[in-house]
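# Overview (structure and organization)
If you want the building blocks of each chain, they are given just below.
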Amino acid sequence: MAVSVSDLRDKFRNPGSAELELIARYAMLPENGQRERAFEAFALTGLPHRRMEAWKWTDFKAALKSVESSKNASQSEALPSGDHAVIEFSARGVTLPTNLPAGIRLHPRDPAQSLGNAEDVPLGAMTAALAGRVGGMDSLIIEVTDEVKAPLHIVCKGDRDETNFARVAVIVRPGASLDLIESHLGGSGFSSFLIEIGMQEGGEVRRTILQRGGADEAQAITGVVTLGEKSRYLQTALAFGAKVARIETRVTHQESRSHAEINAAYLCADGFHADLTSHVRHGAPSSVTRQTTKGAVLKGGTGVFQGKFHVPRTIGQFTDADMQHQALLLEEGATVFAKPELEIYADDVECAHGNTSGALDENQLFYMRQRGIPLAQARAILTEAFIAEALEEASESVVEAMLDAAHAFLAETR
Amino acid sequence: MASMLNLHNLTAQVGEGDEAKTIINGLSLEVPAGEVHAIMGPNGAGKSTLSYVLTGRPGYEVLGGSAALDGEDILEMDPEERAAKGLFLSFQYPVEIPGVPVMTFVRTAMNAQRKARGEDEISAPDFIKMSRDIAGKLNLTPDMLKRPLNVGFSGGEKKRLEIYQMMMLEPRFAILDETDSGLDIDALRTVAEGVNALRSPERGMLVITHYQRLLDYIKPDKVHVLANGKIIKTGGPDLAHRLEAEGYDGVMGEAA
């Protein structure tokens, strides 16, 4: 081993025991320049914590006192994959499907090629540094060369493990398209998934995400997406949270006339925390972004929405962007934090945003009860209808399953 | 024999603390089964408040008196229990329920009521047939019934949807709160035909209205004048015409 653990440790300011464990693991991995750069980036912040502006509501350092296996591991179900291809990431590495549709090629590689600026996101950098193993593979390149109709599933699930780190790079060739469905089911004390998506001219990716971890688990899903000319990126997430969970998405409109939709619904029960954070840079003219995030939180649950649109001068001209976040606080003692930000320097743009949070409408509840629908059922119906709008763009093959999952959650908690 | 709806010396307030205001003030009223009674009264008399007190809207507190449906005290029941017992309110301002199609909503309500009464759910074919028959009578198209309830409907359409729900749910006792407001003559006639179709010896109705016009189409057995939270005068259908001619001031002056 060329570097000593103590040298690595010195790069961190006040590393906690979880960070010391991560440093020790990194030291065991084969040396690699790319991994080293990612590790250096991670060392700048360590596990992100509340004194960092972008993490003030979602503190991984506090949640992860140490890296240990989940005691009450999540038993969540993956989105239904039928007979479609499934890529599985577990604590034992990646398992590849044998029924890959034409137009998709998989290249297991350690580490995966870096496409975006994952290093800018602390947990992206950490995952890039730590996804890897001796004698196995945690990283994969997915190359899409054609319009692929059949959905491709990724399932990340631990089995009472300490960690499950995985990294995927998706390269979408010109005119190619992918229906990507991800189930992030926790099951490990600390799960972290990094996906970098590079879309070339006219490419399309529909990405559908289910996040559902356990009450003593930390979970991060980091996406870094670059859009080529006239490409389309349609992301829909349904998050149930974990002890702490964050779905962070960074999108760059790299070439003109690209289109991005970033929608999400979050449902948080007592003791669960779901964070939806996104950053969209309009780095090319005439690009469109649509964002709808809806959440419903019960007593003791926490929802976080942070959205930012950055529209630079000149190159951001003719941007058309809209950001909406609406949250329902279903009970006293529910918590929602929201920070919508528009940072606009170009002068010929259409940018809008809306942000509301409140309780269910008393008039609607009474109207439904007057018709004979019991209060708890009325609440569940209204909440389901409320969040369903954010799930409309999910992959057709799983949209019903997502609505069912939301329905079951609301029926259970009433 | 006791009447179907029996209100005795009912007193109720709306609001809380310093904001509380007594709106219903010693109101007594009886509606026997099979009868349709009209309640008329000036603005602020307590007409809508009465409908909310009877259906159990949160924020309306009963201070005294009693209200019974079929001899059973309803004041301690939740709104949904009263609905399952057969109490229906056609709202003056129907509420939008986004994301829930009309038919889904009504079927959910119907089955919730049946469950509360210990009955089986309605079968899908029976429900669809019943819905088609009733929608046809009210000039509601199948397409309208697939749209979210009251979202994007005109005022007249919303009132017809209230009557559609009433006909589907077949209540024991129906309160129609200003069902005529916002209706043109054709819609008024359609709505009145729907209401008249529901008249039966097994059912009672309370029709709350500002104007006598609706009562030309729905002939009441009795007309009550509500003012300052109590019934100040009761008469036959001709009382509605007198109110129209003389105004509330005239009739109220006489009663005082």
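Scroll up for the structure.
## So, the overall build of chain A
Per the secondary structure count, chain A includes eight helices and 19 strands. Computed over the C-alpha atoms, the radius of gyration of chain A is 21 Å, within 12% of the 22 Å expected from 2.2 N^0.38 for a compact globule of 414 residues. Dimensions of chain A along its principal axes, counting C-alpha atoms only, are 75 × 50 × 45 Å. Taking all 414 residues of chain A together, 54% fall into the buried category. Restricting the contact set of chain A to residue pairs at least 6 apart, pairs at least 24 apart contribute 83%.

## Topic: helix α3 (residues 102-116) of chain B
With 15 residues, α3 of chain B should reach 21 Å at 1.5 Å per residue; the first-to-last C-alpha distance of 21 Å fits that figure. Among the residues of α3 of chain B, those classed as buried are Val-102, Met-103, Phe-105, Val-106, Ala-109, Met-110, Ala-112 and Gln-113 of chain B.

## Focus: the sheet that holds strand β15 (residues 288-297) of chain A
Residues and elements named next belong to chain A. If you trace the ten strands from one edge of the open sheet to the other, you get β2-β1-β5-β7-β9-β11-β13-β15-β17-β19, paired in mixed fashion. The open sheet has two free edges, formed respectively by β2 (93-95) and β19 (350-358), since each of these has just one partner strand. The mean inter-strand angle of the sheet, taken between neighbouring strand axes irrespective of direction, is 10 degrees. As judged from the five bridges shared by strand β5 (residues 152-156) and strand β7 (residues 177-184), these two strands associate in the parallel manner. Its bridge partner lying in β7, His-153 is registered against Ile-181. Those strands touched by helix α7 (residues 375-388) are β13 (259-268), β15 and β17 (320-329), and its axis lies near 160 degrees from that of β15.

## Notes on the interface of chain B and chain A
The accessible area lost on association of the parts is a frequent measure of interface size. Between chain B and chain A, the contact holds 21 residues from the first and 17 residues from the second. Of all the secondary-structure elements, those providing two or more residues to the side of chain B that touches chain A are α2 (79-84), β7 (97-101) and α3 of chain B. No other element matches the five residues that α3 of chain B contributes to the side of chain B that touches chain A. Here the residues of the side of chain B that touches chain A are counted per class, giving 13 nonpolar, five polar and three charged.

Analysis parameters
Residues numbered from 1 in each chain as written. Chains lettered and ligands numbered in written order. Predicted model: local features only at pLDDT ≥ 70, side-chain atom pairs only at ≥ 80, totals over all residues. Helix = DSSP H or I, 4+ residues; strand = E, 2+ residues; numbered from the N terminus. Rg over C-alpha atoms; globule rule 2.2 N^0.38 Å. Buried ≥ 20, exposed ≤ 12 C-beta atoms within 10 Å, placed from the backbone. Contact = placed C-beta atoms within 7 Å. Expected span 1.5 Å × (residues − 1). Pairing = 2+ DSSP bridges. Axes fitted to C-alpha atoms, helices over the stretch in contact; angles between N-to-C directions. Nonpolar A, V, L, I, M, F, W, Y, C, P; charged D, E, K, R; others polar.

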